[in-house]
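# Summary of the model geometry
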Amino acid sequence: MSTSKAILSTAAGGSAGNAASKPRSHPRKRTRNQFFAFRGTLSKRAQIITAAFASLFVLGLWEISTRLGWINAVFLPPPTVTIETLWNMILHKNLLWHAGVSTLRIWVAFSLSVIMAVPIGIAMSSFRGVGAALEPIVDFIRYLPVPALVPLSIIWFGVGETTKIFLLWLGTFFQLVLLVADDMRRVPQEYVEISYTVGARPAQMLSDVAFRAMLPSLFDNLRITLGWCWTYLIIAEIVAADNGLGFVIWAARRYMNTSEVMAGVVTIGLIGLVTDQVLRLLHKRLFRYL
């Protein structure tokens, strides 16, 4: 009994001595100013205040530049004039209705792109034969400028809604295919091997393991691609259109009414901002484990 106590006391003393002899590892000091720290953290309140301050600074600089004559207000009206014009267009020129028409076109074209691009992109990255056959074609078409294809789209589909949807789809589909394929390639090979080890079939591995692993990054790429779709709106709605935000902007351009042009552009930006923030919030809710 006394021997065991001696062994325990010796071991404790030795471990204490070793602990005393080892230099203490000090935790890395945290940068006081997290605003400029590399990958630092900011509270939600600090992020909101920073975003609001930056936006007000840009608007104030824009207003001052035009009021002082540094920028010709004929070509770039100040924010106060733009907001006043925007409100007037909402009340008297059916701007909200035009915005609704454009939003509907965007979502129809974007939904078609997603329905087609997701399975094609997954197949391209999952099966080498499919990727070898389709990737050169996708790479070729995605570099074609959409405005250059407007005459062909009119010849193919006329000047109705189909042409507008086709041009919006054309601007997003081929880029989205490659993004989806890249998301699938980034799924770790270990996930695939483990799923086969536990007895999963290829279809089960693809749907239950690989697809779920790529889903967070796929959601982000869908959000980004939706923004690209809005950038093609003007091109799509100048083709014999009589409604939509693109039509409003194009009609105002003819008469050099830059305040209405800016009001239409601001409307697109606001819709995009709200949509993007909603999708960001949805991403956080769906993938809380990240």
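These numbers come from a predicted model, not from an experiment. Every chain's residues receive numbers from 1 upward, in the order its sequence appears when written. For a predicted model such as this one, the threshold for reporting local features is a pLDDT of at least 70, and the threshold for listing and counting side-chain atom pairs is 80 or more; totals across whole chains, interfaces and linings nevertheless cover every residue. Side-chain numbers here rest on the full set of heavy atoms in the structure, without hydrogens or water.

### Quick look at the overall build of the protein
- A run of H or I in DSSP counts as a helix once it spans at least four residues, and a run of E counts as a strand once it spans at least two, with each numbered from the N terminus. Assigned secondary structure in the protein consists of 12 helices and 0 strands.
- In the protein, the succession of helices and strands from N to C terminus is α-α-α-α-α-α-α-α-α-α-α-α.
- Should any heavy atoms of two residues lie within 4.5 Å, those residues are considered in contact. Of the contacts made within the protein by residues no fewer than 6 positions apart, 69% connect residues no fewer than 24 positions apart.
- Where accessible areas are quoted, they stem from the Shrake-Rupley method and a 1.4 Å probe; at the residue level, only the protein chains shown are allowed to cover. For the protein, the computed accessible surface area is about 19000 Å², with 67% contributed by carbon and sulfur atoms.

### A few points about the side chain of Ser-259
- Position of Ser-259 relative to the elements: it lies in helix α12 (residues 258-286).
- Classification of Ser-259 as buried rests on a relative accessible area of 14%. Each residue's exposure class comes from its accessible area (1.4 Å probe, protein chains only) as a fraction of the maximum for that residue type: buried when under 20%, exposed when over 50%, partly exposed otherwise.

### What about a nonpolar patch on the surface?
- Residues qualify for a patch when their relative accessible area is over 30% and they have no salt bridge, like charges being joined within 9 Å and the nonpolar side chains of Val, Leu, Ile, Met, Phe, Trp and Tyr within 5 Å. For this document, the term salt bridge refers to a Lys or Arg side-chain nitrogen within 4 Å of an Asp or Glu carboxyl oxygen. Residues Phe-53, Phe-57, Val-58 and Leu-61 make up a contiguous nonpolar surface patch of roughly 450 Å² in combined accessible area.
- With respect to the helices and strands, the residue Phe-53 is situated in helix α2 (residues 44-67).

### Details of the packing of aromatic side chains
- Aromatic rings from Phe, Tyr and Trp, taking only the six-membered ring of Trp, are treated as a pair when their centres fall within 6.5 Å; an angle between ring planes under 30 degrees marks them as stacked, one over 60 as edge-to-face, and anything in between as tilted. One pass over the structure, following the stated rule, counts 10 aromatic pairs.
- Judged by centre distance (5.7 Å) and plane angle (65 degrees), the rings of Trp-169 and Phe-174 are edge-to-face. Each member of the pair Trp-169 and Phe-174 is classed as buried.
- With 6.0 Å between their ring centres and 70 degrees between their planes, Phe-219 and Phe-287 make a pair best called edge-to-face. Here the residue Phe-219 occupies a position in helix α9 (residues 202-231), and Phe-287 occupies one in the segment after α12, the gap between them amounting to 68 residues. With respect to burial, Phe-219 and Phe-287 carry one shared label: buried.
- One aromatic cluster is present, formed by Trp-156, Phe-157, Phe-166, Trp-169, Phe-173 and Phe-174 through successive ring pairs.
- Only lysine NZ and arginine CZ atoms are considered, and such an atom sits over a ring when it is within 6 Å of the ring centre and within 35 degrees of the ring normal. Taking the ring centre of Trp-250 as reference, the NZ or CZ of Arg-253 above it sits at 4.2 Å.

### Things to note about the environment of Ser-113
- In this structure, Ser-113 sits in helix α4 (residues 95-126).
- Taking C-alpha positions, Ser-113 is 8.7 Å from Val-177, a pair spaced 64 residues apart along the chain.
- Setting aside residues up to four positions removed in sequence, Ser-113 forms contacts with Val-118, Trp-169, Thr-172, Phe-173 and Leu-176.
- Throughout this description, a polar contact denotes any pair of N or O atoms lying within 3.5 Å of each other; where both atoms belong to protein, one of them has to be capable of donating a hydrogen while the other can accept it, and for residues adjacent in sequence the pair is counted only when both atoms sit in side chains. Polar side-chain contacts of Ser-113 include one of 2.9 Å to the side chain of Thr-172.

### What about the environment of Glu-161?
- Here Glu-161 lies in helix α7 (residues 161-185).
- Along the primary structure Glu-161 and Val-239 are separated by 78 residues, whereas in three dimensions their C-alpha atoms are 9.4 Å apart.

### Overview of helix α3 (residues 79-92)
- One less than the number of residues in a helix, times 1.5 Å, gives the span that helix is expected to have. Taking 1.5 Å per residue, 14 residues should reach 20 Å; α3 reaches 20 Å between its end C-alpha atoms and fits that length.
- Regarding α3, the residues found buried are Pro-79, Thr-82, Thr-85, Leu-86 and Met-89. The arc enclosing the buried residues of α3, seen along the axis, measures out at 125 degrees, which places them on a common side. Away from its buried face, by an angle of more than 90 degrees, α3 presents the exposed residues Ile-83, Glu-84, Trp-87 and His-92. Arc definition: directions from the helix axis to the C-beta atoms.

### Here we look at the environment of Leu-112
- Secondary-structure assignment places Leu-112 in helix α4.
- Linking Leu-112 and Trp-169, residues 57 residues apart in sequence, is a C-alpha distance of 7.1 Å.
- Other than its neighbours up to four places away in sequence, Leu-112 contacts Ile-165 and Trp-169.

### Structural notes on the packing of α7 against α9
- Interaxial angle, 0 to 180 degrees, is taken between N-to-C directions of lines fitted to C-alpha atoms, where a helix line uses only the stretch in contact. Viewed as axis vectors pointing N to C, α7 and α9 meet at an angle of 145 degrees, and their least axial separation amounts to 9 Å. As for the relative orientation of α7 and α9, their crossing is right-handed in sense. Between α7, through Leu-168, Thr-172, Gln-175, Leu-176, Leu-179, Val-180, Asp-183 and Met-184, and α9, the contact on the second element is made entirely by Leu-206, Ala-210, Phe-211, Met-214, Ser-217, Leu-218, Asn-221, Leu-222, Thr-225, Trp-228 and Cys-229.
- Side-chain classes are defined by residue name, with Ala, Val, Leu, Ile, Met, Phe, Trp, Tyr, Cys and Pro counting as nonpolar, Asp, Glu, Lys and Arg as charged, and the others, Gly among them, as polar. Of the residues belonging to the contact of α7 with α9, the class tally is 13 nonpolar, 5 polar and 1 charged. Take the far helix as your reference; a near helix turned counterclockwise from it by less than a right angle gives a left-handed crossing, and one turned clockwise gives a right-handed crossing.

### With respect to α12
- Taking 1.5 Å of rise per residue, 29 residues should cover 42 Å, and α12 covers 42 Å from first to last C-alpha, within 8% of that figure.
- Within α12, burial applies to Thr-258, Ser-259, Glu-260, Met-262, Ala-263, Gly-264, Thr-267, Ile-268, Thr-275, Asp-276, Leu-279 and His-283.
- Where the residues of α12 are buried, they touch α2, α3, α4, α9, α10 (233-236) and α11 (245-254).

### Overview of unusual backbone geometry
- Phi angles above zero are rare outside glycine, and Asn-94 is one such case at about 55 degrees.
- With respect to the helices, strands and loops of the structure, Asn-94 is situated in the loop between α3 and α4.

### Quick notes on the packing of α4 against helix α5 (residues 128-142)
- Where α4 meets α5, the closest approach of the two axes is 6 Å, and the angle between their N-to-C directions is 120 degrees. The pairing of α4 with α5 is recorded here as oblique in orientation. The interaxial crossing formed by α4 with α5 has left-handed handedness. Contacts between α4 and α5 involve Ile-120, Ala-123, Met-124 and Ser-126 from the former and Arg-128, Val-130, Gly-131, Leu-134, Glu-135 and Val-138 from the latter.
- Its residues placed into classes, the contact of α4 with α5 shows 6 nonpolar, 2 polar and 2 charged. Each angle receives one of four descriptions, namely roughly parallel if under 35 degrees, roughly antiparallel if over 145, roughly perpendicular if within 65 to 115, and oblique otherwise.

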